[in-house]
Amino acid sequence: MSDHAVLHVKGRVLVGPEDVRDELWVVDGRISYDRPAGARDVRTVAGWALPGLVDAHCHVGLGPHGPVDAATAEKQALTDREAGTLLIRDAGSPSDTRWVDDRDDLPKIVRAGRHIARTRRYIKNFAHEIEPDDLVAYVAQEARRGDGWVKLVGDWIDRDLGDLAPSWPRDAVEAAIAEAHRLGARVTAHCFAENSLQDLVEAGIDCIEHATGLTEDLIPLFAAQGVAIVPTLVNIATFPDLAAGGEAKFPRWSAHMRRLYERRYDTVRAAYDAGIPVYVGTDAGGSLAHGLVAGEVAELVTAGIPALDALAATSWAARAWLGRPGLEEGAPADLVVYESDPRADVRVLTSPRRVVLNGQVVE
């Protein structure tokens, strides 16, 4: 955008849940609430404006069989952009997606490096697969490679047991999380089951992905420690199919997955009611499609989270949690404009009227 090219967004600008303004201006890609003097080439966009949506559990550069080429990763990122997702926390990818940072037309990515899993205890070609003695070293490596996050695989099916089981002993995760924190990184972990959670939370973990195993006795621990969850309900919807596929070989695991699925909404609502921070994440990548952020917000509402808080979980609150700006004065102009008020009906999120990224209207 040239020195004089200006974008004028008018209607209702949702700077915060209750901070609603009539207009904003975009000058040289940044937000201003003061009309620029002598502006020419003004383009006007009208509607209800939100900060660019956040998908806090997404995988750019990951496909069903592991890393994908740059063209496929670009298509994934563009699909998310078209859905209004302009900030992604990439919760583990085997691909180097740093090239995305040089593209003003693609969503911004906060990376967690590559997944760290136990040997032969995760999806093939997705993760570093290691033993506990190497966990601290790999966490340190990914903390340095990431953007302030590290991703562990906290549990997975143990074929000898025939069910989900923790991946790491308590002393290993304590040392690993302490090392990540020393290096300035937060730690999150994939966890489906119940029995990996207490050790991870007591060891100081910052977030749990999926959290389907969160039970009534563990909720006070999460709340006291301020551990966030990213439920990925659009992914949990696949559990019945997964269970059916594993029934013959792992009947105990299949039954467990069905129980986790059946109580998924109660689990999320109980966490929210206890004050546990809940954020929007889709788990796009791998086998799940990109661009599902609106569906995940709707799932949180179905679980019983009030619409305004479900909206915050993909906008104001999520951006604050990740340390990224919203619609503040001087911030990069990353926003989505809708026909009507998304606070009144989150289904509006499925149909962005305009997407603005780095001050440019995406056609």
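For the structure, see preceding data.
Conventions used here
- Residues numbered from 1 in each chain as written.
- Predicted model: local features only at pLDDT ≥ 70, side-chain atom pairs only at ≥ 80, totals over all residues.
- Heavy atoms only, no water.
- Buried < 20%, exposed > 50% of the residue type's maximum accessible area, 1.4 Å probe, protein only.
- Helix = DSSP H or I, 4+ residues; strand = E, 2+ residues; numbered from the N terminus.
- Pairing = 2+ DSSP bridges.
- Phe/Tyr/Trp six-rings, centres within 6.5 Å; stacked < 30°, edge-to-face > 60°.
- Lys NZ or Arg CZ within 6 Å of the ring centre and 35° of its normal.
- Contact = heavy atoms within 4.5 Å.
- Axes fitted to C-alpha atoms, helices over the stretch in contact; angles between N-to-C directions.

Asks: Just to check I follow, could you spell out the pairing of strand E1 (residues 5–14) for this structure?
Replies: Here is the key point about a regular strand: its side chains alternate between the two faces of the sheet. Judged by how many residues are buried, E1 sits mostly within the fold: seven of ten residues are covered. Looking at chain direction, E1 and strand E2 (residues 20–27) are connected through seven bridges and run antiparallel. Bridge pairing in E2 links Leu14 to Val20. Joining the antiparallel neighbours E1 and E2 is a turn of five residues.

Asks: I keep staring at the packing of aromatic side chains and nothing clicks. Help me out?
Replies: Two numbers describe a pair of aromatic rings. These are the distance of the centres and the angle of the planes. Evaluation of the coordinates by the stated rule reveals six aromatic pairs. Relative to Phe126, the ring of Tyr122 has its centre 6.1 Å away and its plane inclined at 75°; by these criteria the two rings are edge-to-face. Relative accessible area serves as the criterion here: at 13%, Tyr122 is assigned to the buried category. Assessed through its relative accessible area of 5%, Phe126 is described here as buried. Three or more aromatic residues link up through ring pairs in this structure, and these residues are Tyr122, Phe126, Trp156, Phe192 and Phe239. One residue, Arg21, lies across the ring of Tyr33, its end atom 4.3 Å from the ring centre. Across the ring face of Trp149, the terminal group of Arg89 is positioned such that the distance to the ring centre comes to 4.6 Å.

Asks: Looking at this structure, I do not really get the environment of Glu142. What am I missing?
Replies: Relative to the helices and strands, Glu142 resides in helix H2 (residues 135–145). For Glu142, a relative accessible area of 2% gives the class buried. C-alpha of Glu142 to C-alpha of Arg111: the two residues are 31 residues apart in sequence and 9.6 Å apart in space. Residue contacts for Glu142: discarding those within four places in its chain leaves Gly113, Arg114, Ile116, His128, Trp149 and Val150.

Asks: Just checking my understanding: could you explain the sheet that holds strand E19 (residues 354–357) for this structure?
Replies: Strand pairing in a sheet relies on backbone hydrogen bonds. The paired strands run either parallel or antiparallel. Across the sheet, which stays open at both edges, the seven strands sit in the order E3-E2-E1-E4-E18-E19-E20 with mixed pairing between neighbours. Looking at the sheet topology across the chains shown, the edges are occupied by strand E3 (30–32) and strand E20 (360–362). Sheet twist, expressed as the mean angle between neighbouring strand axes with direction ignored, is 35°.

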